[in-house]
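Residue-level structure breakdown
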Amino acid sequence: MIKHFEGGMRVLLAAATLCMLLGMQQPPTTTITRIRASGNDDSTVVRIRAASTLTAFQRPERIPGGVVLRLPGALLEDGAIDSTALTPAVRLEAKRVRDILVLTLRCAPTDSVVLRRDGQRDLLCVIQRRAQQVPEDIAPRQHPAGRGKWSLDVIVIDAGHGGKDVGAEGVNGVYEKDVTLAIAKLVRARLREIMPNTNVVMTRDNDTFLELYRRTQIANEAGGKLFLSIHCNSMPTKPHPAHGCETYILRPGRNDDAARVASRENASVKFEQSQRRYEGMTEDQIIVATMAQRSFVRLSESFAASIQQEVTDRTPLADRGVSQAGFFVLVGASMPNVLIETGFLSNRSDAEYLASSKGQTAIASSIATAIQSYATSYQRSLSH
Ligand SMILES: [Zn+2]
């Protein structure tokens, strides 16, 4: 018996020596300082934060009724699990098996589970209910045989704000809702001239109030292939020197300025009867929405760049570039989508230009040219 034990020890020692000789090491230990889950009917996001760079994690493993995440070498700090956000729908269990931290999350067999890094120290596990996923037929690459339906036959133009939601008020007294509607109508008119075979759908073509979620809903129902939301920027104090045009794609904001713009535009929800649909629209939920749009994010980026180039080439508006932020109005879009902040109503010279018919016509015409050049390069990419 003792002999057998000694033999076993010798094998273990030999194995340990071999590991050292081969340079095989245990993954460095890292401490998980916070696990926070948030969720709604459509998705659950679990953010796992480590004290230092998180190097090792395994692919999620499906088990009956849930999914298991394994983090080799990870320790769980006491109180790291933020239980305030845990609900029956977001049940989370953590235990340590040997040197592996094992997290079990509840989900249905049909849910999609994605685990990915978010920076050096964070892991995000996103569980999406099947119904909320992007329909398969939205990803062009997955349907090489069905290219016909990928022609840009429907373009959706969204004039920001409307009715009781006036948007920003210009230093010259002009309302954002009127500028955006005027430009949107001119874009439609110009597109009818230069792209006569394309159907242009307006989310609104008069001064009516429209909820943010309805705008992409209209676009999706119309089978839109491109969605453009038109807005005007503004600073909290006016007159203000900030000026120029910028175009946004949907992604979690990278800087304070982008976050300011998104939060001002998202404030439109205060005019809506039910704000419940926006509850829990945290940074993590914006990440989920961004992931749902991953099949057309490149197209959105290319469209944004095209708009930015045309508008700043053909108008006196300064080029503030393409940015990213969490705009609620873009969240539900099932097609490439961008939001343009044409100029600053809080700036005297931008406001004067935005209120003038000359300025509105020039901006609209450049937007239409950008749509046309996007359509041309899109068709070219399909034929290769
Ligand atoms: Zn706006």
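In this text, all values refer to a predicted model and were calculated from it rather than measured experimentally.

Observations regarding helix α6 (residues 297-314)
Compared with an ideal rise of 1.5 Å per residue, which puts 18 residues at 26 Å, α6 spans 26 Å between its outermost C-alpha atoms and is within 8% of the ideal. Listed in full, the buried residues belonging to α6 are V297, S300, F303, A304, S306, I307, Q308, E310, V311 and T312.

With respect to the environment of L124
Here L124 lies in strand β10 (residues 122-128). By relative accessible area, L124 is classed as buried at 0%. When the C-alpha positions of L124 and V288 are compared, they lie 9.9 Å apart, and in sequence the two are 164 residues distant.

Focus on the pattern of salt bridges
In the structure shown here, the tally under the stated rule is 20 salt bridges. Note that D158 is salt-bridged to R215, the shortest N-O span being 2.8 Å. Within this pair, whereas D158 is found in strand β11 (residues 154-159), its partner R215 is found in helix α3 (residues 212-221), the two being separated by 57 residues in sequence. Judged by its relative accessible area of 1%, R215 falls in the buried class. Within this structure, R47, R49, R116, D118 and D122 form a network of salt bridges that share partners.

Quick look at the coordination of the zinc ion
Ideal geometry at a metal centre: 109.5 degrees between donors when four sit tetrahedrally, and 90 or 180 degrees when six sit octahedrally. Protein-derived coordination of the zinc ion comes from H161 (NE2), E176 (OE), H231 (ND1), E265 (OE) and E265 (OE), at a distance range of 2.0 to 2.5 Å. Sequence positions of the residues that donate to the zinc ion give the spacing H-x14-E-x54-H-x33-E. Within this pair, whereas H161 is found in the loop between β11 and α2 (176-194), its partner E265 is found in helix α4 (residues 256-266), the two being separated by 104 residues in sequence. Across this residue pair, the class does not change: H161 and E265 are buried.

Comments concerning the nonpolar core
In terms of nonpolar packing, the biggest core is built from 43 residues, with I157, V187, L228, I230, I367 and I371 touching the most fellow members. Those residues in contact with I230, other than ones at most four positions away along the chain, are I157, D158, A159, G160, T180, I183, A184, V187, I340, T342 and I367. With 25 residues, the next largest nonpolar core counts V154, I218, A262 and Y278 among its residues.

Observations regarding empty space enclosed by the protein
The final tally for this structure, using the stated rule, is two cavities of 30 Å³ or more. Residue lining of the second largest cavity: I249, L250, Q293, F296, V297, S300 and N337, and that is the complete set. Within the lining of the second largest cavity, the residues separate by chemical class into four nonpolar, three polar and no charged.

Describing the side chain of T290
Relative to the elements of secondary structure, T290 occurs in helix α5 (residues 283-292). Filtering out sequence-adjacent residues up to four positions away, T290 remains in contact with L250, R251 and P252.

A few points about the packing of α6 against helix α9 (residues 357-382)
Across the interface, α6 lies against α9 with an axial gap of 8 Å and an inter-helix angle of 140°. One finds that α6 runs oblique with respect to α9. Judged by the twist between their axes, the crossing of α6 over α9 is right-handed. Packed against α6, whose contacting residues are L299, S302, F303, S306, I307, E310, V311 and R314, the element α9 presents A362, I363, S366, I367, T369, A370, I371, S373, Y374 and Y378 at the interface.

What about the confidence of the model for the protein chain?
In this model, the protein chain carries a mean pLDDT of 84, and residues with pLDDT of at least 70 account for 84%. Ignoring residues within four places in sequence, the model shows residues 132-148, a span with pLDDT below 50, making 24 contacts including any to other chains.

Concerning the packing of aromatic side chains
Applying the stated criterion across every chain yields a total of four aromatic pairs. Arranged with centres 5.0 Å apart and planes meeting at 65°, the rings of Y248 and F327 form a pair that is edge-to-face. Taken together, the positions of Y248 in strand β14 (residues 245-250) and F327 in the loop between β15 (319-325) and α7 (328-331) put the pair 79 residues apart, joining distant regions of the chain. What makes F327 buried here is its relative accessible area of 0%.

Some words on unusual backbone geometry
The linkage connecting K238 with the following residue, P239, adopts the cis geometry, with an omega of 0°. The phi angle at R98 is positive, at roughly 50°, despite the residue not being glycine. Looking at where R98 falls in the secondary structure, it is placed in the loop between β7 (92-97) and β8 (100-106). For R98, a relative accessible area of 75% gives the class exposed. One non-glycine residue, H161, lies in positive phi territory at about 65°.

Quick notes on the sheet that holds strand β3 (residues 61-63)
Spatial ordering of the open sheet is given by β3-β4-β8-β7, a layout of four strands whose pairing is antiparallel. Looking at which strands have only one partner, the edges of the open sheet turn out to be β3 and β7. On average, adjacent strands in this sheet sit at an angle of 25° to one another, irrespective of strand direction. Two strands pair when backbone bridges link them, and β7 and β8 are joined in this way by six bridges, in the antiparallel orientation. Each residue of the ladder has a partner; that of L92, found in β8, is L105.

A few points about the pairing of β10
Most of β10 is tucked away, with seven of its seven residues classed as buried. The alternating pattern of β10 places D122, L124, V126 and Q128 and L123, C125 and I127 on opposite faces, both of which are buried. Examined bridge by bridge, strand β2 (residues 43-50) and β10 share seven bridges and lie antiparallel to one another. Its bridge partner lying in β10, R47 is registered against L124. Relative to β10, strand β9 (residues 112-118) is paired through seven bridges, and the arrangement is antiparallel. The residue bridging V114 from the neighbouring strand is V126, located in β10. Where β9 hands over to β10, the hairpin turn is made up of three residues, of which G119 adopts a positive phi near 80°.

Parameters and conventions
Residues numbered from 1 in each chain as written. Predicted model: local features only at pLDDT ≥ 70, side-chain atom pairs only at ≥ 80, totals over all residues. Heavy atoms only, no water. Helix = DSSP H or I, 4+ residues; strand = E, 2+ residues; numbered from the N terminus. Expected span 1.5 Å × (residues − 1). Buried < 20%, exposed > 50% of the residue type's maximum accessible area, 1.4 Å probe, protein only. Salt bridge = Lys/Arg side-chain N within 4 Å of Asp/Glu carboxyl O. Donors = N, O, S within 2.8 Å, 3.2 Å for Na, K, Ca; no water. Core = buried A, V, L, I, M, F, W, Y, C linked by side-chain atoms within 4.5 Å. Contact = heavy atoms within 4.5 Å. 1 Å grid on protein atoms, 1.4 Å probe; cavity = no way out; pocket = protein on both sides within 12 Å on 5 of 7 lines; lining within 4 Å. Points joined across faces, edges and corners; volume = space filled by probe spheres on them. Nonpolar A, V, L, I, M, F, W, Y, C, P; charged D, E, K, R; others polar. Axes fitted to C-alpha atoms, helices over the stretch in contact; angles between N-to-C directions. Parallel < 35°, antiparallel > 145°, perpendicular 65-115°, else oblique. Left-handed = near helix turned anticlockwise from the far one by under 90°. pLDDT = per-residue confidence, 0-100. Phe/Tyr/Trp six-rings, centres within 6.5 Å; stacked < 30°, edge-to-face > 60°. Pairing = 2+ DSSP bridges.

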